[in-house]
Amino acid sequence: MTTEPTHGPDRGLRRLVVGEGLAATVDALFLVWLTLFVLELSEPGLATGFVLVAVALPRAALLLPAGVLVDRLGAARVTAVACWLRVAVLLALVAVVTLTSPSLTTVALLAALLGVADAAYFPAALALVPAVVPTGKLSRVNALVQGAESGGDLIGPAVAAGVIAAVGFDATLGGIAALAALAAVALSTLVRTVRGAPPDTADADADAEAEAEQLSSPRALGAGLAYAWNEPLIRAMLAAVALINIAVVGPVLVGGAVLAEQRLGGAGSFGIVLSGFGAGSLAGSLLAGWWPPTRRGWTVVGGVAAIGAGMAGLAATTQVAAATAVVGLIGLGSAFLGVVIVATLQERVPTRLLGRVTSLVVLATVAFDPLSYVVAGVLLPYGTTALFLVCGGAVLACAGVVAVSPAIRALR
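Residues numbered from 1 in each chain as written. Predicted model: local features only at pLDDT ≥ 70, side-chain atom pairs only at ≥ 80, totals over all residues. Heavy atoms only, no water.

A.B. asks: Which parts of the structure should I look at to understand the overall build of the protein chain?
C.D. replies: Helix and strand counts for the protein chain come out as 17 helices and zero strands. Taking all 412 residues of the protein chain together, 52% fall into the buried category. If you take every contact in the protein chain between residues at least 6 apart in sequence, the share linking residues at least 24 apart comes to 86%. Total accessible area computed for the protein chain in this model is approximately 17000 Å², and 70% of it derives from carbon and sulfur atoms. (Helix = DSSP H or I, 4+ residues; strand = E, 2+ residues; numbered from the N terminus. Buried < 20%, exposed > 50% of the residue type's maximum accessible area, 1.4 Å probe, protein only. Contact = heavy atoms within 4.5 Å. Areas by Shrake-Rupley, 256 points an atom, 1.4 Å probe, with all protein chains shown as cover.)

In structure tokens:
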């Protein structure tokens, strides 16, 4: 099982929350900066997609190998290296943007390196939390970190666009790089405060851990996949996360934009509706952290059902306020569910496997985005009502399947 920290918890906890919160803010700001900068370089269209895919592809492709790396080297070390790689790439991008007139290819290549850093950072950051935080505080710390991410998503676009308008792309990117450096400093200090023993020798079952340490990388990855598949609780949670991602991301972004044009008064209302998702996510994160559920299994079922009900509810919305409230419900359910699932895995997965399992969690949240957009594209010709009813129905059906799982029902 996960090891308790051996240092004074408060200092390490503060640095963890500050570091991971800053890293989440950097992600939100940089995505907006990158999108606007690419639009500045070229006409809207394939160019923007090309650069964003350059970030997404290496991130998705390397997540599972990165999970093996986390379990081999330790979450703190991998987190620190990934953070400083981010800083180096951002500084290189600052130099390129400031001193040259960069091509889209150059920007895409540097963006791809950020995708590599992300692949290492995300599972490592999730696995780092239980190494620093006492078990009783896991939900609250995850809520703070996820709340920072939700807050960045909520205000990031406006802040980034406003700063770019005021001081330009160069200075804005420099500020983002400075925030990334602060995050790297905060998280790098945790390498020395986390227990010095490698994760694979710190668990009770030393023989099994030593054997895992000797596995080749493919076999180690296979061991992690087999563990996740053979544990009914983890299998059910990962399946639910993947299905929600497929049924929500594309339909909300693509279908929501069409809904805004057809029923809500124009494309401008779409931004208001999406702000509801950010506000709901922030509320859901804080709610899960400060009032953790006593019966987690039924909370997971309720979170999935809330997301499904929200998706189906979008089919009937004709007013901006109603659509914003419904999307806020989706965001609240998603964030609450995310905190509960992550804290549960951090508590229950053996430390020697935690990096591989958290990499699967991240993969389930990002790898299916293209399929989600395909689902939206296939269903949209039948109308937004059909799109939201089908996707909402799929999520509600998932809630029913999760509810009959003995492992989920028994979860406390």
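Next comes the rest of the write-up.
A.B. asks: Just to check I follow, could you spell out the nonpolar core for this structure?
C.D. replies: The tendency in soluble globular proteins is for nonpolar side chains to be buried side by side. Ranked by internal contacts, the top residues of the largest apolar core, which has 122 residues, are Leu-16, Phe-30, Trp-33, Leu-34, Leu-90 and Leu-128. Looking at this core element by element, the count peaks at 15 residues for helix α4 (residues 104-132). Once residues lying within four places of it in the same chain are set aside, the contact partners of Leu-90 are Val-26, Phe-30, Leu-114, Leu-173, Ile-176, Ala-177 and Ala-180. (Core = buried A, V, L, I, M, F, W, Y, C linked by side-chain atoms within 4.5 Å.)

A.B. asks: Is there a simple way to explain the pattern of salt bridges in this structure?
C.D. replies: Side chains carrying opposite charge are able to pair once their charged atoms draw close together. A full pass over the atoms with the stated rule returns four salt bridges. Measuring nitrogen to oxygen at the nearest pair gives 3.6 Å for the salt bridge that ties Arg-59 to Asp-118. Of this pair, Arg-59 sits in helix α2 (residues 46-73) while Asp-118 sits in helix α4; the two residues are 59 residues apart in sequence, bridging distant segments of the chain. Residue Asp-71 pairs with Arg-356 through a salt bridge whose shortest N-O separation is 2.6 Å. Highlighted residues: Asp-71 in helix α2 and Arg-356 in helix α14 (residues 351-366), separated in sequence by 285 residues. Taken as a pair, Asp-71 and Arg-356 share a single burial class, namely buried. What you see here is one network of salt bridges that share partners, running through Asp-27, Arg-59, Arg-86 and Asp-118. (Salt bridge = Lys/Arg side-chain N within 4 Å of Asp/Glu carboxyl O.)

A.B. asks: Honestly, the environment of Ala-95 in this entry has me stumped. Any pointers?
C.D. replies: Relative to the assigned elements, Ala-95 resides in helix α3 (residues 75-99). What makes Ala-95 partly exposed here is its relative accessible area of 34%. In this structure the C-alpha to C-alpha distance between Ala-95 and Asp-170, which are 75 residues apart in sequence, comes to 8.7 Å.

A.B. asks: Got a minute to help me understand the side chain of Ser-281 in this structure?
C.D. replies: With respect to the element layout, Ser-281 can be found in helix α11 (residues 268-290). Ser-281 sits in the buried class, given a relative accessible area of 7%. With near-sequence residues (within four places) excluded, Ser-281 lies in contact with Ser-150, Gly-331, Leu-332 and Ala-335.

A.B. asks: Where do I start with helix α15 (residues 369-379) in this structure?
C.D. replies: Since one α-helical turn is 3.6 residues long, residues separated by three or four positions face the same way. Residues of α15 that are buried: Ser-372, Ala-376 and Leu-379. Along the axis of α15, the buried positions cluster into a sector of 75°, meaning they face one direction only. Where α15 is buried, its residues contact α10 (232-263) and α16 (384-403). (Arc of directions from axis to C-beta.)

A.B. asks: Please clarify how the confidence of the model for the protein chain should be interpreted in this entry.
C.D. replies: Note that predicted coordinates carrying low pLDDT should not be read in detail. On average, residues of the protein chain score 82 in pLDDT, and 88% of them reach the 70 mark or higher. Looking at the elements of the protein chain, mean pLDDT is at its lowest for helix α7 (residues 199-202), recorded as 42, and at its highest for α3, recorded as 94. With pLDDT under 50 throughout, residues 1-8 is counted as low confidence; its partners more than four residues away or in other chains account for 33 contacts. Segment residues 196-213 is flagged for pLDDT under 50; beyond a separation of four residues in sequence, or across chains, it makes 25 contacts in the model. (pLDDT = per-residue confidence, 0-100.)

A.B. asks: Is there a simple way to explain the side chain of Gln-346 in this structure?
C.D. replies: Here Gln-346 is to be found in helix α13 (residues 320-348). Residue class for Gln-346 comes out buried when judged on its relative accessible area of 1%. Within the structure, Gln-346 has its side chain in polar contact with the backbone oxygen of Leu-126 (distance 2.8 Å). (Polar contact = N/O pair within 3.5 Å; in protein donor to acceptor, adjacent residues only side chain to side chain.)

A.B. asks: In this structure, what is going on with the packing of aromatic side chains? I would like to understand it.
C.D. replies: What describes a pair of aromatic rings is the distance from one ring centre to the other and the angle between the planes of the rings. Tallying each qualifying case throughout the model produces five aromatic pairs. Between Phe-30 and Trp-33, the ring centres sit 5.8 Å apart and the planes meet at 20°, which makes this aromatic pair stacked. In this pair, Phe-30 and Trp-33 are both assigned in helix α1 (residues 9-41), three residues apart and thus about one turn of the helix distant. Comparing Phe-30 with Trp-33 shows no difference in burial state: the two are buried. Ring geometry for Tyr-121 against Phe-122: centres 5.8 Å apart, planes inclined by 70°, an arrangement best described as edge-to-face. Note on Phe-122: relative accessible area 22%, which makes it partly exposed. Every member of this aromatic cluster is reached through a ring pair, and the members are Phe-30, Trp-33, Phe-37 and Phe-169. (Phe/Tyr/Trp six-rings, centres within 6.5 Å; stacked < 30°, edge-to-face > 60°.)

A.B. asks: Before we go on, may I ask you to explain the packing of α10 against α13 in this structure?
C.D. replies: Packed helices, taken two at a time, are described by their axes: the angle between them and the distance between them. Orientation of α10 relative to α13, taken along the N-to-C sense of each, is 155°, at an axis distance of 11 Å. It follows from the interaxial angle that α10 and α13 lie roughly antiparallel. Crossing hand, α10 versus α13: left-handed. For the pair α10 and α13, contact is made by Leu-233, Ile-234, Met-237, Val-241, Ile-244 and Val-248 and by Ile-330, Leu-337, Ile-341, Thr-344, Leu-345 and Arg-348, respectively. (Axes fitted to C-alpha atoms, helices over the stretch in contact; angles between N-to-C directions. Parallel < 35°, antiparallel > 145°, perpendicular 65-115°, else oblique. Left-handed = near helix turned anticlockwise from the far one by under 90°.)

A.B. asks: Sorry if this is basic, but what is going on with the packing of α10 against α15 here?
C.D. replies: Interaxial distance between α10 and α15 falls to 7 Å at its minimum, and their mutual angle equals 60°. Between α10 and α15, the angle is such that the two are oblique. At the point where α10 passes α15, the crossing takes the right-handed sense. Seen from α10, the contacting residues are Asn-245, Ile-246, Val-248, Val-249, Gly-250, Pro-251, Leu-253 and Val-254; seen from α15, they are Asp-369, Leu-371, Ser-372, Tyr-373, Val-375 and Ala-376. Counted by class, the contact of α10 with α15 contains 10 nonpolar, three polar and one charged residues. (Nonpolar A, V, L, I, M, F, W, Y, C, P; charged D, E, K, R; others polar.)

A.B. asks: Explanation requested: a nonpolar patch on the surface in the structure shown.
C.D. replies: On the surface, a cluster of nonpolar side chains totalling about 530 Å² of accessible area is made up of Leu-144, Leu-286, Leu-287, Trp-290, Trp-291 and Leu-332. Sorting elements by how many residues they give to the nonpolar patch places α11 first, with three residues. Note that Trp-290 resides in helix α11. (Patch = residues over 30% accessible without salt bridge, like charges linked within 9 Å, V, L, I, M, F, W, Y side chains within 5 Å.)

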